[in-house]
Amino acid sequence: MDVENKGTKKELGLVHVYTGNGKGKTTAALGLAFRAVGCGLRAAMVQFLKPSEEYGEQLAAEKLDGFEIISMGLDHMCSEVSRSEDIRLAHEALARLSEILSSGKHDLVIADEINVAMSWELLEPEEVIEVLEKRAPCTEVVLTGRGAPKKIIDYADLVTEMLLVKHPFDRGVPARRGVEF
Ligand code: ATP
Ligand code: MG
């Protein structure tokens, strides 16, 4: 596997963006990590919006060699009152992402919900691009979350927009364990 991967790794280094209002952004990135790990590559995900500590992917990653998930403290519920704290936490997560990207220890790095942090104006697209520019060679990056700013879309090599056609949430079905989290 290692011999084959010497060639594979050289081809990596592109930037993906998974955005839009339909379901599937984070799970697409997790699917990619699953595939990468299967090929002997090393993957990491930095979660900008820390959800519950019991997300299925966090539990699964603990069982997988070669995939680590780092949850940062930014909450889903941002409020005007704690905006300066949200900005601080978003920058803490960006600093962690920067360390991981420049270390060269991972072949695939996912910044989960970083687009949301930019759309909430907690992070500037320019500072995110600056961090991406300093990534180690051959590190493939995925940025997920609704509302990816135009500067990020222009910068990326691959952009997928999940289109919301229907979601059971809209007819009152609550988030289901193992499917939504
Ligand atoms: P997933 O994690 O399932 O791939 P996602 O990353 O595309 O979803 P987010 O915008 O991060 O979606 O949504 C956060 C949560 O809301 C997740 O639990 C997700 O499954 C769920 N969700 C996604 N799209 C919708 C939607 N259109 N309506 C309601 N809930 C949604
Ligand atoms: Mg998501």
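Numbering of residues begins from 1 in every chain and follows the order in which that chain's sequence is written. The lettering of chains begins at A and the numbering of ligands begins at 1, in the order of writing. Per-residue local features are limited, in this predicted model, to residues with pLDDT of at least 70; the limit for side-chain atom pairs, both in listing and counting, is 80 or more; totals at the level of whole chains, interfaces and linings are taken over all residues. As a rule here, side-chain values come from all non-hydrogen atoms in the structure, and water together with hydrogens is ignored.

Caption draft 1: Geometry of unusual backbone geometry. Positive phi, close to 60°, is recorded for E121, a residue that is not glycine. Of note, E121 is situated in the loop between α5 (114-119) and α6 (125-133). Burial classes follow relative accessibility: with a 1.4 Å probe on protein chains only, a residue under 20% of its type's maximum area counts as buried, one over 50% as exposed, and anything between as partly exposed. We classify E121 as exposed; its relative accessible area is 57%. The backbone of C138 sits at a positive phi, close to 65°, despite the residue not being glycine. The exposure class assigned to C138 is partly exposed, which follows from its relative accessible area of 29%. Secondary structure elements follow DSSP: runs of H or I of four or more residues count as helices, runs of E of two or more count as strands, with numbering from the N terminus.

Caption draft 2: Geometry of the environment of E140. With respect to the helices and strands, the residue E140 is situated in strand β5 (residues 140-144). Judged by relative accessible area, E140 falls into the buried class, the value being 12%. For the pair E140 and R177, spaced 37 residues apart in sequence, the C-alpha to C-alpha distance is 29 Å. Ignoring any residue separated from it by four or fewer positions in sequence, one finds E140 in contact with L12, G13, L14, H16, D107, L108 and V109. The criterion used for residue contact is that any of the two residues' heavy atoms lie within 4.5 Å.

Caption draft 3: How the structure looks around the packing of aromatic side chains. Think of it this way: a Phe, Tyr or Trp ring, Trp meaning its six-membered ring, pairs with another when their centres are within 6.5 Å, and the plane angle makes it stacked under 30 degrees, edge-to-face over 60, tilted otherwise. Going through the model one piece at a time under the given rule, you end up with 1 aromatic pair. The interplanar angle of 50° and the centroid separation of 6.1 Å between the aromatic rings of Y55 and F181 together place this pair among those described as tilted. With a gap of 126 residues between them, Y55 in the loop between β2 (43-49) and α3 (56-63) and F181 in the segment after β6 (158-162) connect regions that are remote in the sequence. Here F181 falls in the partly exposed class, since its relative accessible area comes to 26%.

Caption draft 4: Representation of the coordination of the magnesium ion (ligand 2). Those donors, T26 (OG1) and E113 (OE), are the protein atoms that reach the magnesium ion (ligand 2), and they lie 2.1 Å from it. Linking T26 in helix α2 (residues 25-38) with E113 in the loop between β4 (108-112) and α5, this pair joins segments that are 87 residues apart in sequence. Of the two residues, T26 and E113, neither departs from the other in class, the shared state being buried. Note that water is not among the atoms considered, so a metal site may appear incomplete; the donors listed are N, O and S atoms within 2.8 Å of the metal, with 3.2 Å applied to Na, K and Ca.

Caption draft 5: Up close: the site of ligand 1. Residues are classed as near a molecule or strand on a simple rule: at least one heavy atom within 4 Å of it. Near ligand 1 lie 13 residues; those nearest to it are K23, K25, T27, R146 and E180. Backbone polar atom of N21 to a nitrogen atom of ligand 1: 3.1 Å apart, as the coordinates give it. Polar contacts, as counted here, are pairs of nitrogen or oxygen atoms within 3.5 Å of one another; within protein the pair requires one atom able to donate a hydrogen and one able to accept it, and residues that are adjacent in sequence qualify only if both atoms are side-chain atoms. In this structure, an oxygen atom belonging to ligand 1 sits 2.6 Å away from a main-chain N or O atom of E180. Of the residues assigned to the shell around ligand 1, the class counts are 2 nonpolar, 6 polar and 5 charged. Three classes are used, and their members are as follows: Ala, Val, Leu, Ile, Met, Phe, Trp, Tyr, Cys and Pro are nonpolar, Asp, Glu, Lys and Arg are charged, and the others, Gly among them, are polar.

Caption draft 6: Quick peek at helix α4 (residues 83-103). In this model α4 runs 30 Å from its N-terminal to its C-terminal C-alpha over 21 residues, within 8% of the 30 Å that 1.5 Å per residue would give. D86, L89, A90, A93, L94, L97, I100 and L101 are the residues of α4 that are buried. End-on view of α4: buried residues confined to an arc of 145°, all on one side of the axis. Contact partners of the buried residues in α4: β2, β3 (67-74), β4, α5, α6 and β5. Where α4 ends, the next residue or the one after it, G104, has phi of about 70°, a positive value. What a helix is expected to span follows from its residue count: subtract one and scale by 1.5 Å. What the arc describes is the spread of directions from the helix axis to the C-beta atoms.

Caption draft 7: Region of the structure containing the pattern of salt bridges. Take a side-chain nitrogen of Lys or Arg and a carboxyl oxygen of Asp or Glu: if they are within 4 Å of each other, that pair is a salt bridge. Here the structure, examined in full by the defined rule, presents 8 salt bridges. We note a salt bridge from R42 to D107, for which the minimum N-O separation is 3.2 Å. Of the two residues, R42 is situated in the loop between α2 and β2 and D107 in the loop between α4 and β4; the sequence distance between them amounts to 65 residues. Across the pair E99 and R96 runs a salt bridge, and its minimum N-O distance is 3.1 Å. Within this pair, E99 and its partner R96 are both found in helix α4, separated by 3 residues, close to a single helical turn. A relative accessible area of 29% means that R96 is categorised as partly exposed.

Scope: geometric values only; no functional claims are made or implied.
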